[in-house]
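Coordinates in review
One-letter residues, chain by chain:
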Amino acid sequence: MANRNVDALAHRSATSSSLGLLRIVLFSTWTAYILADPLHLLGYLPIDTFSAPGVLRVLPDSIWHVVLSEMGLMVVRLLTLSFVLLGLCGLLPHRSVAIGAAGALVLYQGILRGFAGHINHAELLLLYATGIVAAFPCFDAFSMRKATASLRSQNIYAVPFVVIGVLFCITYSFVGIVRLMKGPDLFLSETFRNLVLSHWIGMGGISGEHFVAPSVRVWILDAAPQLLVKASYVAGTVLELFAPVALFSTRFRYLFVSFVPVFHVLSAVALGVVFFENIVLLVVFSQVWFHQAASRAARAVTAMRSLWFVAHQTPNRPIHPASVPIGRRVDR
Amino acid sequence: MAALASPNGIVAFAALVVCGCIILMARAGWWRPGLMLEGLWCLALVRCLSAYQPFRALFSQVPMPLRLGLVGFGVALLVGQFLGGGRHVYPFVRWAMYTDAEHQARAVILEATTVVGKPVQLRHDELFPPLRRGRFGSKLRYAYKSTVRDASRRDSTELDLLLRAAGQLYNRAHPSAPIVTVALVEYVVPTARYWDRALHTSRVLWRTAM
């Protein structure tokens, strides 16, 4: 009865396992990200070139002098990784661990942006999603916690999926409306080609007296009819603008979910802008299969735990049949 | 309280937040007409979401502290969108990627000279992988603008520090052929004939000795 309310994004079958699996997906993504990111190299940049962004301004300068050294940044990286791994494995299944991980990630991402010129958006949606999942009972499954899930309403596990879905669509819509409000010049001019070329120059396209032709990008620059390129830019923006319709309409959701990976792969190829985190977050639009997969995984984990438990309860020494009272069954 | 939780109450509350942000932006001289239309679009979204019955029913079952947290999160999201570029309101930012028209293909790159006079191009994304190309590139551009704007700081500029740091990191990886100067060079390429190297123009914006 209550779960009928969750029809919005077809998350009526969300369970503790679903939220647990979402936690694992998010924290796995962060783990890969942190492992691949040599944050300590920023220790080579002078501290005078750092300007703490937003909430990080509350930290005093003395702390930044310690944190922004090569060793300090290594500690931040390891600390963040520890929190994220604890959250991923569910070894310390407490909300404070997940919230601590989200806090550490805010610091980590803030350090990157403190050394950057503009505040870019990559990873921020994933950061928000992590914060939202951390605020909900994400350790009720796939963790060392004793089963408490039955004490909670099933709907509580659907809420993070819906909130992340809303957030996902709203951010795309924000980008769409800002682009449209900037006027037609953005779409009628050679902006897209210029962005592709600018990226290519920055990637070393010009080297001394040579200009290395931008391989795949040549198609966008020359082969594709420019009207098609411009029309695609407009169509992509309109689709972004109306992204929130995906929250209400199943058909539009299919269209949007198909559009996002294509859009981001093209952006990665043409502009070098990789938003793989957003492709990961599409799981919140997965409707039923994600929850089914989570339930199957939870059953598999339970079975493995039972096996492990049985294996560790079995004495090493074989039980002599004579030592077992008559009428009692011995499970081996 | 019940009136505030109604769709109209939620929209009124969101309108207060958005208008507050737009007024602050106007005071800072960053106001433009498009911002009002952005605000209206945003309020229309808030109206649709807050009136959607399945969402309302779902959120009514969320415990009050969490519900307040989600409201706070929504307010922060609006403030981030309508209050500048995100430097002051991080982790909430203005979602506005690739929203400015570019009439020229241009980029700044770092060009260095080794001790034997060989030119070398320093790739931002290879020197500082966490910053990628765009973040470090924009840092260099901002530092250049600030240097040009404030001529009194030319003895020890942020730009000098950044170029030297990039050079030192390069020299650490290439001790046999260290670089002695690093220059920030801007390239402009004509869009229609981008392949014609003769039409490319370059300008050294800043040069620093190691």
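Presented here is a report on the structure given in the accompanying data block. (Residues numbered from 1 in each chain as written. Chains lettered and ligands numbered in written order. Predicted model: local features only at pLDDT ≥ 70, side-chain atom pairs only at ≥ 80, totals over all residues. Heavy atoms only, no water.)

1. Overview of the overall build of chain B
Spelled out, the test is: We count a stretch as a helix when DSSP gives it H or I for four or more residues in a row; a strand needs E for two or more, and each element gets its number in order from the N terminus. Partly exposed residues are those whose accessible area sits between 20% and 50% of the maximum for their type, while under 20% is buried and over 50% is exposed, using a 1.4 Å probe and protein chains only.
On a plain count of helices and strands, chain B comes out with eight helices and four strands. Secondary structure elements of chain B, listed N to C terminal, follow the sequence α-α-α-α-α-β-β-α-α-α-β-β. In terms of principal-axis extent, the alpha carbons of chain B reach across some 75 × 40 × 35 Å. The buried share of chain B, taken over its 210 residues, is 48%.

2. Description of the environment of valine 76 of chain A
Residue and element names in this part refer to chain A. Condition: For this analysis, residues touch if any pair of their heavy atoms sits within 4.5 Å.
You can see valine 76 is positioned in helix α3 (residues 70–89). Considering only alpha carbons, one finds valine 76 and phenylalanine 252, 176 residues apart in sequence, at a separation of 42 Å. In this view, valine 76 contacts Leu39, Val67, Leu107, Tyr108 and Ile111; residues no more than four positions away in its chain are not counted.

3. A word on the side chain of glutamate 277 of chain A
Residue position: glutamate 277 of chain A is located in helix α12 (residues 276–281). Residue classification places glutamate 277 of chain A among the buried residues on the basis of a relative accessible area of 1%.

4. Side note on helix α5 (residues 64–82) of chain B
Our working rule: Each residue after the first adds 1.5 Å to the expected span of a helix.
For α5 of chain B, which comprises 19 residues, the first-to-last C-alpha distance of 27 Å matches the rise-based estimate of 27 Å (1.5 Å per residue) to within 8%. For α5 of chain B, the full list of buried residues reads Leu66, Leu70, Phe73, Leu77, Leu78, Gly80, Gln81 and Phe82 of chain B. Structurally, α5 of chain B contributes buried residues whose contacts are with α5 (124–135) and α6 (155–181) of chain A together with α2 (7–27), α3 (33–51) and α4 (53–60) of chain B.

5. Some words on the environment of alanine 243 of chain A
Residues and elements named next belong to chain A. Secondary-structure assignment places alanine 243 in the loop between α10 (226–241) and α11 (250–271). Residue classification places alanine 243 among the buried residues on the basis of a relative accessible area of 0%. Along the primary structure alanine 243 and arginine 253 are separated by 10 residues, whereas in three dimensions their C-alpha atoms are 8.4 Å apart. Sequence-distant contacts of alanine 243, that is, excluding residues within four places in its chain, are made with Cys169, Tyr172, Phe252 and Phe256.

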